[in-house]
Amino acid sequence: MIVVIGSPTGRAIDGAMMAGGPAARVALAAARAGRTVQLVGKTGDDPVADAIVLDLARGGVGHVALLRDPGRPTPFEEAPSEPEEAAPMADNVGAAQATTPATSPGDGPILEAADVDLGIRYLTDYGVIVLAEPSGPDLVAIAAHAAHWGEARLIVVLGAGHAVPDGLPDDVIVLEAPSADPDDAFADLVGGFAAALDEGTQPEVAFRAALASDGWTGAPDG
C-alpha cells in the first residue's frame, strides 16, 4: 500500500468539482497504476470536501485517514469560463491555462504533525510513504518515523531550491518539485514512481520507468 501525505484541494472544471493539489494528483496517479493508495490529509467540512472525497473514491484512492476541519473552508480553484466573444489577443494571453483562486489556500485547513501521526495510525502494512508537498520539519520527522517503523520506502518532495532536511533515512528518495505543475506531469511522475516501488522494483529502474511512461527525457545518470 502507498500512503500519500498532503491535503487535497478542489479543482472546478466545467462545473464539476474534482480533487486537486499535489497530494491528490500523486495519489490518483498511483491508483491508476493499480496500487492500493490511502491519502492522509485534511479538508474542511463542506460541499467542496464532499466532492473531493467522491472524486478520490472514483479514482480508487482511499480516504479513511482524511481528516475534516469544520472551522476552515476547503480551498479550491475554478477554471475561467469561455468568453462569449473573442477579446483581443493581448487581453487573452494565457487565459486557457489560468485558474482563478476561489478560496485562498492560506485560509484552508492546516495539516499538522499530530494530524499526520493520527492518520498514519489508521493504516497498516504500507510499503511506500510519499510526502507529496513541501512540508515543515515536524511533518518530515513524522513521515520518516513512520517509514522506519513500517520498513517502508520514503519519498520526500521538496520545493524548488529547498535544502534537504536533516534526520532523513539513508535510503530516502528526495525529489524537487517544479515551481508549477499545471498539467500534473510531475504528480503523474511521482505517482508512477511510487507505484513501481510498491511493486518491489528497485528505485533506479522504477524512476526510469516512470520517466519513460510520462514522456520525460534527459534524465541524468546515477
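Since we're looking at a predicted model, the values are computed, not measured.

Caption draft 1: Structural view of the pattern of salt bridges. By the definition in use, this model includes eleven salt bridges. Across the salt bridge formed by Arg35 and Glu199, the nearest N and O atoms sit 4.0 Å from each other. Taken together, the positions of Arg35 in the loop between helix H1 (22-32) and strand E4 (37-44) and Glu199 in the loop between helix H5 (185-198) and helix H6 (203-213) put the pair 164 residues apart, joining distant regions of the chain. Its salt-bridge partner being Asp115, residue Lys42 comes within 2.7 Å of it at the nearest N-O pair. Of this pair, Lys42 sits in strand E4 while Asp115 sits in helix H3 (residues 113-121); the two residues are 73 residues apart in sequence, bridging distant segments of the chain. Residue class for Lys42 comes out buried when judged on its relative accessible area of 11%.

Caption draft 2: Geometry of the packing of H5 against H6. As a packed pair, H5 and H6 sit with axes 8 Å apart at the nearest point and diverge in direction by 140°. Put simply, H5 runs oblique to H6. When you trace H5 past H6, the crossing you get is right-handed. When H5 is examined against H6, the residues Leu189, Gly192, Phe193, Ala196 and Leu197 are found in contact with a partner set consisting of Pro203, Ala206, Phe207, Ala210 and Leu211. For the contact of H5 with H6, a count of residues per class yields nine nonpolar, one polar and no charged.

Caption draft 3: View of the packing of H3 against helix H4 (residues 137-150). The interhelical angle for the contact between H3 and H4, taken along N-to-C directions, is 20°, at an axis separation of 8 Å. Relative to H4, the element H3 is oriented roughly parallel. Every pair of crossing elements has a handedness; the one defined by H3 and H4 is right-handed. Judged by residue contacts, Ala113, Val116, Asp117 and Ile120 of H3 engage Asp138, Leu139, Ile142 and Ala146 from H4. Partitioned by chemical class, the residues of the contact of H3 with H4 number six nonpolar, no polar and two charged.

Definitions and cut-offs
Residues numbered from 1 in each chain as written. Predicted model: local features only at pLDDT ≥ 70, side-chain atom pairs only at ≥ 80, totals over all residues. Heavy atoms only, no water. Salt bridge = Lys/Arg side-chain N within 4 Å of Asp/Glu carboxyl O. Helix = DSSP H or I, 4+ residues; strand = E, 2+ residues; numbered from the N terminus. Buried < 20%, exposed > 50% of the residue type's maximum accessible area, 1.4 Å probe, protein only. Axes fitted to C-alpha atoms, helices over the stretch in contact; angles between N-to-C directions. Parallel < 35°, antiparallel > 145°, perpendicular 65-115°, else oblique. Left-handed = near helix turned anticlockwise from the far one by under 90°. Contact = heavy atoms within 4.5 Å. Nonpolar A, V, L, I, M, F, W, Y, C, P; charged D, E, K, R; others polar.

Spatial relationships are all this shows, so hold off on functional conclusions.
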